[in-house]
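A look at the structure
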Amino acid sequence: MGEQQKNTQEPDLNQLKKVRREKLADLQANGQDPFTITKYNQTHHSQEIKDNFGELEGKQVSVAGRMMSKRVMGKASFCNLQDLQGNIQSYVARDSVGEDVYKGFKKFDVGDVIGIEGEVFRTKTGEISIHASNITLLSKSLQVLPEKFHGLTNTDLRYRQRYVDLIMNPEVKDTFIKRSKILAAIRKYLSGEGFMEVETPMLVANAGGAAARPFETHFNALDEDLKLRISLELYLKRLIVGGLERVYEIGRVFRNEGLDTRHNPEFTLMELYQAYTDYHGMMDLTENLYRYVAQEVLGTTKIVYKGVEMDLGKPFERITMIDAVKKYAGVDWNEVETLEQARALAKEHHVEFEERHKKGDILSLFFEEFAEEHLIQPTFVMDHPIEISPLTKKKPENPDYVERFEFFMNGWEMANAYSELNDPIDQRERFKAQEELLAQGDDEANTTDEDFMNALEIGMPPTGGIGFGIDRMCMLLTGAEAIRDVLLFPTMKSLDK
């Protein structure tokens, strides 16, 4: 039965498309090809008209957008036009627009892009509308808009055809308008703090600055293999060496890893470096930046994500990784002296580890297993083991740990910051250790970047640095459930696979 229904529906859709193409052919044959129109004088948007009805009532306006519905009733009709700001109704009467225009209007389809000129008025039912004096077809829609795209169970289709998603679901459009405002607010805040926005290469010979597997490509002109950057760090630090003092970049980075609700192979990272400060300076900056962006975009420092309230107005909690593990796993790492003890504890607590993992790696695994999910309110987790922090300054009083923090909210890592390593001799040793890991099969380990080493030898001042996951920040501030909901065009598997 289902198959029969399918067969009866498909020709209907094809028939509808065929009719639309025939309508276009008729228009073209009569010298009325909409695709020859190059511009339209749009004077107002829908919400602007509603907000300023007092001033605009009885005045002439001209709006443009997509026709979302049409109700023809003999000599007078109503249609609904959707533009950037929302929707507005138009009353189209044959006597006002003229016989020919009205005849043409009756053949318009839902989805067509139209322009309406007319007078602003309020209908008997109280709806602010436009009494059309002219209506123009600006682009013919040859496809049929889905009737129910909202809440579509097939989210895959919504991501693949984001343009339809934006037309059919106003809340999706709101999310992306909000994302744009978030980025603008970040830039505004950092500009006020004396930071300079820069751009650095995406195609690199050496993809360093993070633990991730890069994408590889080939540059024909030089016959050289290149990689897509996995972080922004090593170039931005070169600029600190060059004396720029406060720099940041908001840009795409690429990691050859899996897809899930919080990971996309290309994502937006912001990295920021400030000379003459340390990781405590980065904590203050993070706290102030998050507070500012929430207030600017949402009008409040209290955000609610899936029913959980997070308060950015209160001072953010600051806790060491050792104390977090002690608090949530009941294990005091200060008492763990050897790798054997760490491995025994891991086995006892069912924490899986690999042969190559050292004591510090196992502490990090304990933290991920037992503590992360509890960090709902804004929290800085500080002082990581050196094994997992190859570019960070050691704590002078305890060289097994480094001056680093990760910022958590909602159980997610939102940012990662360091007192940056500026000792070139120490840095070379750490690169060497990374290369040994690479040789042992860790395809996320870094290789030595000789030009970066040269920059460090020129001399880099004490510096605080931080990387922010912009997509996750957007998820929290817009209430999006998956990273794909805040990426206009997320990475998708090809349909022909």
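As shown above, the structure is provided for reference.
So, here is what we can say about the structure in this document. (Residues numbered from 1 in each chain as written. Predicted model: local features only at pLDDT ≥ 70, side-chain atom pairs only at ≥ 80, totals over all residues. Heavy atoms only, no water.)

Looking now at the environment of T447. Tracing the backbone shows T447 in the loop between α14 (424-439) and α15 (450-458). Its relative accessible area of 29% is what places T447 among the partly exposed residues. Sequence separation of T447 and A433 is 14 residues, and the distance between their C-alpha atoms is 9.3 Å. Setting aside residues no more than four positions away along its own chain, T447 makes contact with N206, F431, E435 and L438. Here the side chain of T447 touches N206 through a polar contact of 3.2 Å, side chain to side chain. (Helix = DSSP H or I, 4+ residues; strand = E, 2+ residues; numbered from the N terminus. Buried < 20%, exposed > 50% of the residue type's maximum accessible area, 1.4 Å probe, protein only. Contact = heavy atoms within 4.5 Å. Polar contact = N/O pair within 3.5 Å; in protein donor to acceptor, adjacent residues only side chain to side chain.)

Here we come to the pairing of strand β19 (residues 412-419). Counting buried residues along β19, seven of its eight residues qualify, which places the element largely inside the surrounding structure. Two strands pair when backbone bridges link them, and strand β18 (residues 404-409) and β19 are joined in this way by six bridges, in the antiparallel orientation. For F408, the partnering residue across the bridge sits in β19 and is E413. Examined bridge by bridge, β19 and strand β20 (residues 463-469) share five bridges and lie antiparallel to one another. Bridging across to β20, Y418 finds its partner in G465. (Pairing = 2+ DSSP bridges.)

Here we take up the packing of aromatic side chains. Counted by the stated rule, this structure contains 16 aromatic pairs. Between the aromatic rings of F316 and F380, the centroid separation amounts to 5.7 Å while the plane-to-plane angle is 35 degrees, which identifies the pairing as tilted. Of the two residues, F316 is situated in the loop between β13 (308-311) and β14 (317-320) and F380 in strand β15 (residues 379-382); the sequence distance between them amounts to 64 residues. With a centroid separation of 5.2 Å and an interplanar angle of 40 degrees, the aromatic rings of F380 and F407 are classed as tilted. You can see F380 sitting in strand β15 and its partner F407 sitting in strand β18, a full 27 residues away along the chain. Here F380 matches F407 in class, with each residue buried. Joined through ring pairs, the aromatic side chains of Y290, F316, F380, F405, F407 and F468 make up one cluster. Taking the ring centre of F105 as reference, the NZ or CZ of K70 above it sits at 5.7 Å. (Phe/Tyr/Trp six-rings, centres within 6.5 Å; stacked < 30°, edge-to-face > 60°. Lys NZ or Arg CZ within 6 Å of the ring centre and 35° of its normal.)

Close contact between helix α8 (residues 170-192) and helix α16 (residues 470-478) brings their axes to 10 Å; oriented N to C, the two are set at 120 degrees. Relative to α16, the element α8 is oriented oblique. Crossing geometry of α8 relative to α16 is assigned as right-handed. In this structure, α8 contributes T175, K178, R179, I182, L183 and I186 to the contact, and α16 contributes I470, D471, M473, C474, L477 and T478. Taken together, the residues that form the contact of α8 with α16 break down as seven nonpolar, two polar and three charged. (Axes fitted to C-alpha atoms, helices over the stretch in contact; angles between N-to-C directions. Parallel < 35°, antiparallel > 145°, perpendicular 65-115°, else oblique. Left-handed = near helix turned anticlockwise from the far one by under 90°. Nonpolar A, V, L, I, M, F, W, Y, C, P; charged D, E, K, R; others polar.)

Right, let's get into the nonpolar core. Formed by 46 residues in total, the largest nonpolar core has its most connected members in I186 and F405. If near-sequence neighbours (up to four positions away) are discounted, I186 is found in contact with I250, M270, L289, V293, I470 and M473. (Core = buried A, V, L, I, M, F, W, Y, C linked by side-chain atoms within 4.5 Å.)

Next up on the list: the pairing of strand β3 (residues 86-93). Of all eight residues that make up β3, six are buried, and the element is covered over most of its length. As paired strands, strand β2 (residues 76-83) and β3 are joined by eight bridges and run antiparallel to one another. Its bridge partner being in β3, F78 is matched across the sheet by Y91. The turn linking β2 back onto β3 is made up of two residues. One ladder, built from three bridges, connects β3 with strand β5 (residues 128-139); its direction is parallel. Within β5, the position partnered with Q89 by the bridge is S129.

Note that every value here comes from positions in space, so none of it alone points to a role or purpose.
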